[in-house]
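Understanding the architecture of this molecule
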Amino acid sequence: MDDLNKIAHKWQKKWAEKKLFEAKPDKKKEKFFMTVPYPYISGSLHIGHARVVTEADVYTRFQRMLGKNVLYPMAFHISGTPVLGISLAIEARDEKTIKLYKGYVKQYEKDDKKVEKIMKSFQDPKKIVEFFIPKMINEFKTLGLSVDWRRSYTSGDIEHQALVEWQFKEYQKKGYLVQGNYPILFSKTLNNAVGEDDIKEGDTDPVDIQEFTLIKFKIDDSYLMAATLRPETMYGQTNMWIHPDVNYVKAEVDGENWIISQECAEKLKYQNKKVKEIKKINGKDLLGKFCFAPFVERKILILPSVHCDPNIGTGIVTSVPSDAPFDYIALRELQNSEHMCEKYGLNWEEVKKIELIPIIKSKGYGDFPAVEICKKLGIKTLEQHDKIAKATQEIYKVGFHTGIMIDTCGPYKGKKVEDAKEGMKKQLLKEKRADILYETSRPALSRDGGEVIVATLDKQWFLDFNAKGWKPKAMKLLKNLELWPEKYRKQFEDVFDWLDKRPCARKRGLGTKIPFDQEWIIESLSDSTIYMSLYPINHIIRKHKIKKEQLTSEFFNYIFDSKGKPADVEKKTKISKKILEEMNKEWNYWYPFDQRHTFTAHLSNHLSFMIFAHASAFKEKYWPKRVSFHGMVMSEGDKMSKSKGNVITLVDVNEKFGADSFRAFMCNSTSVESSFNWESDKVLIMKKHLVILYETLKKIQSHKGKSDDYKKYTSFVSKTERAIKNAKKSLEEMNLRDYSTLVLYGMHNNYRQLLNKGLSGKELQSINDYVGNKWATMLMPLVPHLAEELWSTDKKNKGFVSTQEWPKHNEKLISEKAEYQDDIVDNLRADIISVLHLAKLKQAKKLELFIPEEWKYAFFKKLKQQMEKTRNIGEIIKACMVKGHEKDVGKMVPMLVKNPSRMPKIVISQKEELKALEESKTFIEKEFKTKVVIIQAEKSKEHKAKQAMPGKPAILVA
RNA sequence: GCGGGAGUGCCGGAGUGGUCAAACGGGCUAGGUUGAGGGCCUAGUGGCUUAGUGCCUGCGAGGGUUCGAACCCCUUCUCCCGCACCA
């Protein structure tokens, strides 16, 4: 541990002792309520978590400096399946999980026996939460956050559960909840729904749910059920495919006789179908028969093909050779082989008669895309399985996005494939000529090795964002919501348009049960949309040990909406009137939150739901005020991941880099809305810079003396006052990058430049007295620990810098002229160096500096004015003409208009320029170790003297 | 595919119609300071040219609008993010 860390821990302890960040309502002060997403419990916190809370902290600390009463709270999210998954994995002795979590536990617990005991306790998910939350709080504290930790809770705590129950009862009343069918991934062995985490390789090769349309083809007393992902191609059907060697079944499904594969019959049982197998049917026995096809409305021939997979769909495929490469190749093989036809007892002539039907016109393809692509890729036989799959994908993609149905497609003629697909599917379903089957996108196994299939839930709960009146309200909220940066508004609007029904409950996981349907647990995104409303009151609930049964709807309606008389609510809830009123008051004081700082990726889910939920739950005056976005977090140029080994935890930050270094590096390395890339070596460079800054300021703070000497250094003072002003402006806009650049580098460079001027001891003390506290205070939001230490170094200072106000700047002391006069000297210095270099002189014997003739100053001033108005050279020459210098003016104007960069920033007078140079004469003489003579051009015959321009003295070296 | 965003030195990134494109930081080179190292100080870091502070090139590519474009418009290429039940 080094000095910076000692300092950090020292002040963190002091802040906690003094309860510095515990917020209390104060009617006299304007309040500011900041929120960030509560982190999910999953082992160690890392810099991804740290970004959002730190940025919010910098901004929050600044708000305090503006005299506002600030609330910055935090809670923890435990809902959903991951924690449960960890628990189950540990119970099942999954070695990877055990190793990982043992690693985490060992960070805090060195005794092996205790580690084992803790690990064993993790079979109960609650214990995982209980173990990690205090650790997480401690880790967050090492960042120096100004959080009021009294108000923390988890989404599993009673207050939160009661709140969510209230929210869902309200949804139910308003008709925002609906029930319906919904397909989910399901493990046969676990007899339960499974998520990505529960599926083998589910994270690297995700499993999707595909929707097959099962189309009924009448044959005798039954339907031959063909499965397709492309119902829009039905106008191109030419025949039916059956695998000759597969055993199909005839089964009674919801009262109809279906012919499907054995495997399919099994799956249908999980998808709300009553399935009763009647008999087995050999594939061969169906060949050569006819079945009746919809859309083409005629009988088609049943032919053999080995590309029918009984594991996919129904194992029966209707053939569209114009657009499906598999069908095309299979058909061609059969048509070219009398032998095969004979083998299956088919009439070869009849098979040969089958012709392709064109149906879709896609970009870059003619009537028969399947034929074209097979030719292009050189596909000749069904054995080229991979190539055919690739061709199918290509045709599907191009057809879906660019295809238009042609005139063979009846009423669907001219429609986009995208629309025809939906239209034809709907039509078939409506006419009861089709059904739906869900399939996994690939064969999948759950972690225990059981088969994963798709099951449908028939009473799945959905949030209906299109329920009457909800969306317009959310839109209104959005309209009044400030967005930083504003450019995300359009994306929000698009998301709102597209939001429809969303499943909001699951059968497993941690969380809150739907109060009126206890089989369901409210899904983890839906249960965290209004949780910020607990922050204002949670510490009071805790203090009075109020029980969940007391947190009724009457309670929330009173707190949030002042509904009902406190006395009545007291009767109902057994919470005393006084406490109720206190909570109602405090809630009204803090709510709504003024800002939510969060990751851009949350826009389309969490943030959108948060807005809808607030629009539903609260009156307009409690709607959120502002959302600010931050960008991604990367580490050493890569996405952070365990496998890459580049995860930087908060323990790492605390031990190896320090909170202030992290804060300063993060804020300075990128703008808030851009990606933040952690680079360890750069962070260490920042740490070095902070040490230098610390040493500089330590000296400043301990060598002060009151006098007016500092006023002489007008440029330094001007730049300092300007920095106070600009840093504040940047902070107000949450432009943390510009702010940090100013306090870390701008102020530092300004001070260093001053030191070069060779000040006397007394002058320096005066400067230090002027700038020391200002600078230390300005550093506080960014590097609060360092700032506290520096603040306390000046023994006259009292209290904490964390509670100081932002220094006030004096506009009168900001002087462009003063800064410019300083710049002239700086530029002159640089010019002298370059002239010496050009003259190939190491050491000058004499330096002559020529100040331009007086008329040039007036001329430049006029020229500047004119150029504001016009760029017409003729006009400008006329307007700026100087008697006696017609030739010079005629030459200079075109050159300067063409290249305005050669004009000085501001034009001062000859007298002022002379004064500036005279004042710095000693300084220049010292640096160049030679005598300096300053001459007005009017008084010299030297040819060089004529070249002098305002702001650019001519230089003659010898 | 749809929606959103972005392309600027060796690198991270400033600059969104005119007063130096590259502020600020990092890297590299040379010199100074220092017992050594670190740090610090100074200069250089697209090309050409120079007793002078100048010229040319240059903000992914191509075209356009304008007295003037990194910035506005059109075309094009490349990259990143989101696309729903996952926290």
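Presented here is an overview of the structure given in this document. (Residues numbered from 1 in each chain as written. Chains lettered and ligands numbered in written order. Predicted model: local features only at pLDDT ≥ 70, side-chain atom pairs only at ≥ 80, totals over all residues. Heavy atoms only, no water.)

**What about helix α24 (residues 680-702)?**
- In this model α24 runs 33 Å from its N-terminal to its C-terminal C-alpha over 23 residues, within 8% of the 33 Å that 1.5 Å per residue would give.
- All of the buried residues in α24 are Val683, Met686, Lys687, His689, Leu690, Leu693, Tyr694, Thr696, Leu697, Ile700 and Gln701. (Helix = DSSP H or I, 4+ residues; strand = E, 2+ residues; numbered from the N terminus. Expected span 1.5 Å × (residues − 1). Buried < 20%, exposed > 50% of the residue type's maximum accessible area, 1.4 Å probe, protein only.)

**Thoughts on the pattern of salt bridges**
- Under the definition given, this model contains 52 salt bridges.
- Across the pair lysine 563 and aspartate 561 runs a salt bridge whose closest N-O atoms are separated by 3.8 Å.
- With relative accessibility at 27%, the residue aspartate 561 sits in the partly exposed group. (Salt bridge = Lys/Arg side-chain N within 4 Å of Asp/Glu carboxyl O.)

**Description of the packing of aromatic side chains**
- One pass over the full model with this rule turns up 60 aromatic pairs.
- With centroids separated by 5.6 Å and ring planes inclined at 70°, the aromatic side chains of tryptophan 15 and phenylalanine 21 adopt a geometry described as edge-to-face. Just as tryptophan 15 is buried, phenylalanine 21 falls in that class too.
- Ring centres 5.6 Å apart and planes at 50° place the aromatic pair tyrosine 153 and tyrosine 535 in the tilted group. Note that tyrosine 153 is positioned in the loop between α6 (125-141) and α7 (158-174) and tyrosine 535 in the loop between β23 (517-522) and α17 (538-543), a separation of 382 residues in sequence. The exposure classification of tyrosine 153 matches that of tyrosine 535, with both residues buried. (Phe/Tyr/Trp six-rings, centres within 6.5 Å; stacked < 30°, edge-to-face > 60°.)

**Considering the protein's contact with RNA strand B**
- As a structural note, the neighbourhood of RNA strand B is formed by 53 residues, with Tyr40, Tyr182, Arg737, Lys944 and Ile955 the closest of them.
- Of what RNA strand B places within 4 Å of the protein, 54% of the atoms are sugar or phosphate.
- Within the backbone of proline 503, one N or O atom sits 3.3 Å away from a base oxygen of RNA strand B.
- Here serine 524 contributes a side-chain N or O atom positioned 2.7 Å from a phosphate oxygen of RNA strand B.
- At six residues, the largest contribution of residues to the surface near RNA strand B is made by helix α26 (residues 736-756).
- For the surface near RNA strand B, the class distribution of residues is 17 nonpolar, 15 polar and 21 charged. (Near = heavy atom within 4 Å. Polar contact = N/O pair within 3.5 Å; in protein donor to acceptor, adjacent residues only side chain to side chain. Nonpolar A, V, L, I, M, F, W, Y, C, P; charged D, E, K, R; others polar.)

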